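Coordinate inspection notes
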Amino acid sequence: MSSFFAQIFTLLTTPPGNLIYHLTLVFSIAGALQAAFTHWRSSEFPQTRRTLLGLGVLLVMQLALFVLGGLGWQGITEPALFLPPLDRAVSVVGLLWLTWLWLFPEPSRLADAGTLLLTFLIATGAALGLVNWGQYPLGSAFNLTVQDLIWQTFALAIIALGVSVLLVRKPNGWGNGLAMLLLAAVGHLAHLLFPESGSYAGSVRLAYMAAYPILLTLPQRFPSPATRPTSIKRVKPHIPERRRYSTDPKTFHALLALAAEMDAGKISHAITRAIAQTMLADLAFLIYLTDDKNQLIIASGYDLIREENLEGASLSRDVVPLLATAVQRGRPLRLPASSTSIDLKGLGDLLGLGNPGHLLLGPIVTPEKEPLGGLLLLSPYSNRLWSAEDQSFLTNIAASLVPIIQRGQRLASLADKEKEFQERLEEAQARIEDLERRNEELSAQLQAAQERIRQSESQAEDMAALLAVQEEAQQTIARLKKENEELRAALHGEAVGSPREVAHLEKELRLTLEEVARLQKALAEANMKIDELKQGSRVAQISEQAEVVASISQELRQPMSSIIGYTDLLLGESVGILGALQRKFVERIKAATERIGSLIDDLIQITTLESGLSELKPEPVDLNLIIDNALAYTSSQVREKNITVHLDLPKHTVPIYADREALQQILIHLLQNASAASPVEGKVTLRVQTRMEDGEEYVLIQVSDTGGGIPAEDLPRVFTRLYRADNVLIQGVGDTGVGLSIAKALTEAQHGRIWVETEMGVGSTFSVLLPVSGKPPASEETTTPSDED
């Protein structure tokens, strides 16, 4: 048996017997090429064009090798100098392109680029191999050299890769491709396991002679449209085939409805219904490309089997590359049902179909050759294979639909413009109403300001009158005191006469003292009235300033709301996809706008603080609820820096008698300061305790951060409202506005104390001490001294 194979191997590797090997491969490739060309003429499938390209490359290489072998046999060239390494290189390149043909019937950029790159690498290796082989003595055997082992290993690696991908992808006809690669693998393994003498691998050539005829089945992977045979003989009439186009009355009704349709939103549905009825297509779709050519829009669809309209959708160009390219170029396209087609898989996923069937696209092109879209037909139910006649018929129908589609586009454009004008009209109406509302508000503010001016003038007149009364009372008191002294001197002097005179003087003295007491009381009342007027004037001035600031702030909030709304719209990518750098810039805009809003809130609060302190309304407050609300308010800031918040709370907290909103603001400002001062992944601690001082019960709230501490020279300025005016940011303080000064003012307005303790390198602790009862401590209560007699 071994001698039999040895004779066959010798026959296939030496002239003239080796011509059998070359002729077998060339005729196998040429036969497959002719079948593929015939298939392409009848189907024009893009897969067949790729098959023609691959088979053409294989035929050129085998013909070149055949010619070089023939020249060597005739003694024109010396084949031993170059033919052995070239034979190995052609075999490996042939394996590579065979694998490409069986694995990737549809375009694949990665696979195509990889195949070309490996081809160039093999060509480079062949050139280096020729140089290396030239160094061997003439007549040396090429088999079992290092170079031969490298070529055999490379061929087996390509076969292993091809078999693995074939088993995963399983394209049409993958079984024949698998058999071809396995036969080639047997030849290469036999050459390595059972070495042969000479310079050519007889076992490899025998395996290739068995494998290459399988190429004749390659063009038949995809069905070919049936063609009617032509004959010069008169034949009997045959049974007519199934109608390919509809003459059903429903078709005429659909066409009439399409011609009469004037609603832009229904024209697309009318078109797809008419096309599905006319072409007897299972599914019909009207498709467009977006202006940026990146999205394929399915305007509408119709299911002829279920007789229902299908809603539109959109697909990325990368999902249906062949379809998108055909629509963009205005060219027809036919694709057979394929398990590896990216376009059919993308359409199947969108429509929920396991097998979308065969595909036919008829381009919609204007007389000026400008593509408008396309008509897409699928046959998932009937598995109908579209022919060139179907393609031509659909293209003619698509051309006749151009005026209707352009009419629909004009109607849609007019509808969009009408909608835009309506929105503008509504926006203008809203602006008018807003301006009228603002005008009314300004008028009311003007009237209020005029009323306050009149009240201020009246208060000024009252104050002047009270000052005059005060001055007159002081003069009278001084005169009466002088007379009182004179009377006292007269009573105790030597010039006193009879008892009647003494009684008279005592009576006058008593009356004088009563008058003095009355005047002192009137003076005290006048002083109190003056203080009240001064305080009322100051509060009115502050209230007026607060109203002005609030009005300006309201004007600022409206454009800020628009900015935030548009930034949210951009970040949501509902108007387009943002790049990484664009998203970063938009997020910075949003953060800066939100910071401005926070500063406006601080401005309003600090402006209205003085007038609001007198309006605090103490009430029993649940401290747990205040803490929950403050933590929820500052949660985004804490989450942004991944800060850990540690709570140290007693099991039972007593209700505290305080202003709910003021206590909420104090805790929020302290937590915001601690979060801003702490580094990323830092720690903030909130601690609540109760303590007794001087017989009074107090609540101690402490917020600690890990911001590194505050320098001693900056401690006196931490709670100062304007400490930012002449200084840069204070180390260890996260507050960049007036938050801490607001917290201090609100704390002191509720008879409490606030202070800070710091440790450099660690952090700071802000403490707030508030009385539970809400009453000031005894040391702060004011006493009114009694008048001396």
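Residues numbered from 1 in each chain as written. Predicted model: local features only at pLDDT ≥ 70, side-chain atom pairs only at ≥ 80, totals over all residues. Heavy atoms only, no water.

**Notes on the overall build of the protein chain**
In plain terms, the rule: Runs of H or I in DSSP of at least four residues are treated as helices and runs of E of at least two as strands, each being numbered from the N terminus. Three exposure classes are used, based on accessible area relative to the maximum for each residue type with a 1.4 Å probe and protein chains only: buried under 20%, partly exposed in between, and exposed over 50%. Any two residues whose heavy atoms approach within 4.5 Å are treated as being in contact. Working definition of accessibility: Shrake-Rupley area with a 1.4 Å probe, residue cover restricted to the visible protein chains.
A count of helices and strands for the protein chain gives 20 helices and 14 strands. Expressed as a percentage of the 789 residues in the protein chain, the buried residues total 40%. Across the protein chain, contacts joining residues at least 24 apart in sequence account for 70% of those joining residues at least 6 apart. Counting only carbon and sulfur atoms, one obtains 58% of the accessible surface of the protein chain, whose full area is about 44,500 Å².

**Topic: the environment of Leu351**
Examined against the element boundaries, Leu351 turns out to sit in helix α12 (residues 342–351). For the pair Leu351 and Leu310, spaced 41 residues apart in sequence, the C-alpha separation works out to 9.6 Å. With residues near it in sequence (within four places) discarded, Leu351 still touches Leu283, Phe285 and Leu378.

**Regarding a nonpolar patch on the surface**
Just so we agree on the cut-off: Put simply, a patch holds well-exposed residues, over 30% relative accessible area, that have no salt bridge, with like charges counted together within 9 Å and Val, Leu, Ile, Met, Phe, Trp or Tyr side chains within 5 Å. We define a salt bridge as a contact between a side-chain nitrogen of Lys or Arg and a carboxyl oxygen of Asp or Glu at a distance within 4 Å.
A contiguous nonpolar patch, built from Leu117, Leu118 and Leu121 and spanning about 270 Å² of accessible area, is present on the exposed surface. On the accessibility criterion, Leu118 (31% relative accessible area) is partly exposed.

**Some details on the environment of Ser199**
Our working definition: Pairs of N or O atoms within 3.5 Å make up the polar contacts considered here, provided that, within protein, one atom can donate a hydrogen while the other can accept it, and that residues adjacent in sequence are counted only when both atoms are side-chain atoms.
Inspection of the secondary structure assignment puts Ser199 in the loop between α7 (174–193) and α8 (202–211). Distance in space between the C-alpha atoms of Ser199 and Thr14 is 9.7 Å, their sequence separation being 185 residues. Those residues in contact with Ser199, other than ones at most four positions away along the chain, are Pro84, Arg88, Ser140, Ala141, Phe142 and Asn143. At a separation of 3.3 Å, a polar atom in the side chain of Ser199 contacts the main-chain amide nitrogen of Phe142.

**Concerning the nonpolar core**
To keep things clear, this is the line we draw: What we call a nonpolar core is a set of buried Ala, Val, Leu, Ile, Met, Phe, Trp, Tyr and Cys residues that are connected through their side-chain atoms within 4.5 Å.
In terms of nonpolar packing, the biggest core is built from 53 residues, with Leu55, Leu58, Leu95, Met180, Tyr208, Tyr212 and Leu215 touching the most fellow members. Looking at this core, the elements that each hand over two or more residues are α2 (18–43), α3 (46–73), α4 (83–103), α5 (109–133), α6 (146–169), α7 and α8. It is α4 that contributes the most residues to this core, 13 residues altogether. Beyond its immediate sequence surroundings of up to four residues, Tyr208 is in contact with Tyr21, Leu25, Ser91, Leu95, Ala184, His188 and Pro213. In this structure, Val718, Ile730, Ile742 and Val756 belong to the second largest nonpolar core, which totals 39 residues.

**A word on the sheet that holds strand β13 (residues 753–759)**
Our working definition: Strands were regarded as paired on the criterion that DSSP finds at least two bridges between them. Lines fitted to C-alpha atoms define the axes here, with helix axes fitted over just the stretch in contact, and angles between the N-to-C directions of these axes take values from 0 to 180 degrees.
Read across the sheet, 5 strands follow the order β9-β11-β12-β14-β13 without closing on themselves; strand pairing throughout is mixed. What marks the edges here is a single partner per strand, and that holds for β9 (644–648) and β13. Recorded for the sheet is a direction-independent mean angle of 20 degrees between the axes of neighbouring strands. In the packing of helix α17 (residues 623–633) onto the sheet, the strands contacted are β9, β11 (683–693) and β12 (696–704), and the crossing angle to β11 comes to about 160 degrees. This element, helix α20 (residues 739–749), spans β13 and β14 (763–771) of the sheet and lies at about 135 degrees to β13.

**What about unusual backbone geometry?**
Within the chain, Lys369 stands out as a residue other than glycine whose phi angle is a positive 65 degrees. With respect to the element layout, Lys369 can be found in the loop between β6 (359–365) and β7 (371–378). The backbone of His751 shows a phi angle near 65 degrees, a positive value even though the residue is not glycine.

**What to know about the packing of α3 against α4**
Inclusion rule: By the definition adopted for this analysis, an angle is roughly parallel if under 35 degrees, roughly antiparallel if over 145, roughly perpendicular if from 65 to 115, and oblique otherwise. Each crossing gets its hand from how the near helix is turned against the far one by less than a right angle, where anticlockwise is left-handed and clockwise is right-handed. Charged residues are taken to be Asp, Glu, Lys and Arg, nonpolar residues to be Ala, Val, Leu, Ile, Met, Phe, Trp, Tyr, Cys and Pro, and polar residues to be all remaining types, Gly included.
Relative to each other, α3 and α4 sit at 165 degrees, their axes nearing to 10 Å. Relative to α4, the element α3 lies roughly antiparallel. Along this stretch, α3 crosses α4, giving a crossing that reads as left-handed. In this structure, α3 uses Arg50, Thr51, Leu53, Gly54, Leu55, Val57, Leu58, Met61, Gln62, Leu65, Leu68 and Gly69 to contact α4, whose residues at the interface are Leu83, Leu86, Asp87, Val90, Val93, Gly94, Trp97, Leu98, Trp100 and Leu101. Each residue belonging to the contact of α3 with α4 can be placed in one class, and the counts come to 15 nonpolar, 5 polar and 2 charged.

**A word on the side chain of Thr145**
Examined against the element boundaries, Thr145 turns out to sit in the loop between α5 and α6. Side-chain polar atoms of Thr145 contact the backbone oxygen of Phe142, separated by 2.7 Å.

**Let's talk about α7**
Convention followed: Expected span of a helix: the number of residues minus one, times 1.5 Å.
The terminal C-alpha atoms of α7 lie 28 Å apart, and with 20 residues this matches the ideal 28 Å at 1.5 Å per residue to within 8%. Summarising the contacts, the buried residues of α7 are in contact with α4, α6 and α8.

**Focus on the side chain of Ser764**
Turning to its location among the elements, Ser764 is positioned in strand β14. Under the relative-accessibility criterion, Ser764 is labelled buried at 1%. Within the structure, the side chain of Ser764 is placed 3.1 Å from the side chain of Thr758, a separation counted as a polar contact.

**Some details on the confidence of the model for the protein chain**
Basically, it comes down to this: pLDDT: the predictor's confidence for each residue, scored from 0 to 100.
With 73% of its residues at a pLDDT of 70 or more, the protein chain has an overall mean of 78. Confidence drops under pLDDT 50 across residues 227–243; counting only partners more than four residues distant or on other chains, this segment forms 3 contacts. Taken together, the stretch residues 778–789 has pLDDT below 50 and engages in 2 contacts with residues farther than four places along the chain or on a different chain.

**What about α20?**
By the criterion of burial, α20 is predominantly enclosed, with 8 of the 11 residues buried. Immediately beyond the C-terminal end of α20, within one or two residues, lies His751, with a positive phi of roughly 65 degrees.

**Points about the packing of aromatic side chains**
The criterion, for reference: Aromatic rings from Phe, Tyr and Trp, taking only the six-membered ring of Trp, are treated as a pair when their centres fall within 6.5 Å; an angle between ring planes under 30 degrees marks them as stacked, one over 60 as edge-to-face, and anything in between as tilted.
Per the stated rule, a full pass over the model turns up 6 aromatic pairs. Ring geometry for Phe37 against Trp40: centres 6.1 Å apart, planes inclined by 35 degrees, an arrangement best described as tilted. A residue pair is termed a helical-turn pair when its members lie 3 or 4 positions apart in one helix, as Phe37 and Trp40 do in helix α2 at 3 residues. For Phe37, a relative accessible area of 40% gives the class partly exposed. Assessed through its relative accessible area of 27%, Trp40 is described here as partly exposed. On the numbers, 5.2 Å between centres and 65 degrees between planes, the contact of Trp97 with Trp100 is edge-to-face. Of this pair, Trp97 and Trp100 both sit in helix α4, 3 residues apart, which is roughly one turn of the helix. For Trp97, a relative accessible area of 7% translates into the label buried. For Trp100, a relative accessible area of 5% corresponds to the buried category. Members of the aromatic cluster, each reached through a chain of ring pairs, are Trp133, Tyr136 and Phe142.

**Side note on the packing of α6 against α7**
At a closest axis distance of 10 Å, the pairing of α6 and α7 adopts a crossing angle of 155 degrees. It follows that α6 is roughly antiparallel to α7 by the angle criterion. Crossing of α6 over α7 shows left-handed handedness. When α6 is examined against α7, the residues Asp148, Leu149, Gln152, Ala155, Leu156, Ile159, Gly162, Val163, Leu166 and Leu167 are found in contact with a partner set consisting of Trp174, Gly177, Leu178, Leu181, Leu182, Ala184, Ala185, His188, Leu189, His191 and Leu192. When its residues are assigned to classes, the contact of α6 with α7 shows 15 nonpolar, 5 polar and 1 charged.

**Observations regarding the pattern of salt bridges**
A complete count under the given rule lists 12 salt bridges for this structure. Of the charged contacts in the structure, one is a salt bridge between Asp303 and Arg306, with a shortest N-O distance of 2.9 Å. Three or more residues joined by partner-sharing salt bridges are found here, namely Asp87, Arg88, Asp148 and Arg205.

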